[in-house]
Amino acid sequence: PVLYSRSLALSGKPDYLVRDREDRLIPVEIKSGKAIKPHRGHIMQLAAYCLLVEENYNVAVPYGILVYADKVQHKIEFDARLRSDLLSTMEGMRHALKSGSPERGHSQIKRCRSCSFYRSCRSRLD
């Protein structure tokens, strides 16, 4: 199901919700690419799912799982540091959206052209 948080103006749908050996609800996100170590954006996405599961099911979520195409599973602890990082990242995203186009964080023309802000971005790559 799609999970919502009115207080955070956030919604999302993890690929799976599973129960671990201790009967805790754990979000799982499957990625089609390969990665030696999890990408920060994927970790933030999974952290958002952890937060949404906590709010929607009123349970503590100790970790989430990222699975890449090579079938390697990465257990991502959902601790106070990651929670804080997520909330601060979300605040930065909201600020960027309110102030116009966000700052470009890469040097890849292909990524720029597929971005929803491409037409209005002041720092786009052409």
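Note that the structure is predicted; figures quoted are calculated from it, not measured.

Calculation criteria
Residues numbered from 1 in each chain as written. Predicted model: local features only at pLDDT ≥ 70, side-chain atom pairs only at ≥ 80, totals over all residues. Heavy atoms only, no water. Pairing = 2+ DSSP bridges. Helix = DSSP H or I, 4+ residues; strand = E, 2+ residues; numbered from the N terminus. Axes fitted to C-alpha atoms, helices over the stretch in contact; angles between N-to-C directions. Contact = heavy atoms within 4.5 Å. Buried < 20%, exposed > 50% of the residue type's maximum accessible area, 1.4 Å probe, protein only. Right-handed = clockwise from strand over helix to strand, strands pointing away. Expected span 1.5 Å × (residues − 1). Parallel < 35°, antiparallel > 145°, perpendicular 65-115°, else oblique. Phe/Tyr/Trp six-rings, centres within 6.5 Å; stacked < 30°, edge-to-face > 60°. Lys NZ or Arg CZ within 6 Å of the ring centre and 35° of its normal.

Asker: What is the right way to look at the sheet that holds strand β6 (residues 73-77) in this model?
Answerer: Within a beta sheet, neighbouring strands are joined by backbone hydrogen bonds and run either parallel or antiparallel to one another. Taking strand neighbours across the sheet as the criterion, the four strands line up as β3-β4-β5-β6 in an open arrangement whose pairing is mixed. Each edge of the open sheet is held by one strand with a lone partner, namely β3 (16-19) and β6. Ignoring strand direction, the axes of neighbouring strands in this sheet form an average angle of 30°. Taken together, the five bridges between strand β5 (residues 63-67) and β6 define a ladder with antiparallel strand orientation. Bridge assignment links leucine 66 to a residue of β6, and that residue is histidine 74. Across the sheet, helix α1 (residues 40-57) touches β3, β4 (25-30), β5 and β6, and the angle it forms with β4 is around 150°.

Asker: Quick question: what am I supposed to make of the pairing of β4 here?
Answerer: For a regular strand, side-chain orientation follows a simple rule: the groups alternate between the two sheet faces. Within β4, five of the six residues are buried, which leaves it mostly tucked inside the rest of the structure. Where β3 and β4 come together, four bridges link them in antiparallel fashion. Within the sheet, the bridge partner assigned to arginine 19 lies in β4 and is leucine 25. Turn length for the β3-β4 hairpin, with the two strands adjacent in sequence and antiparallel, is five residues, and the turn residue aspartate 23 shows positive phi of about 65°. The pairing of β4 with β5 spans three bridges and is parallel. Each bridged residue has a counterpart across the sheet, and for isoleucine 30 the counterpart in β5 is valine 67. Handedness of the crossover joining β4 and β5 through α1 is recorded here as right-handed.

Asker: How should I be thinking about α1 in this particular structure?
Answerer: An α-helix turns once every 3.6 residues. As a result, residues three or four positions apart point the same way. The first and last C-alpha atoms of α1 sit 25 Å apart over 18 residues, in line with the 26 Å expected at 1.5 Å per residue. Those residues of α1 that sit buried are Ile43, Met44, Leu46, Ala47, Ala48, Tyr49, Cys50, Leu51, Leu52, Val53 and Glu54. In the stretch just after α1, asparagine 58 is the one whose phi turns positive, near 55°.

Asker: Help me understand the packing of α1 against helix α2 (residues 80-98), please; the structure alone is not making it clear to me.
Answerer: Each packed pair of helices is defined by two parameters, the angle between the axes and the distance between the axes. Across the interface, α1 lies against α2 with an axial gap of 10 Å and an inter-helix angle of 100°. Between α1 and α2, the interaxial angle falls into the category roughly perpendicular. On α2, the residues that touch Arg40, Ile43, Met44, Ala47, Ala48, Leu51 and Glu54 of α1 are Leu82, Arg83, Asp85, Leu86, Leu87 and Thr89.

Asker: Just to check I follow, could you spell out the packing of aromatic side chains for this structure?
Answerer: Two measures describe an aromatic ring pair: the distance that separates the ring centres and the angle between the ring planes. In total, this model carries zero aromatic pairs according to the counting rule given. A cation over an aromatic ring shows up here: lysine 75 above the ring of tyrosine 63, its NZ or CZ 4.4 Å from the ring centre.

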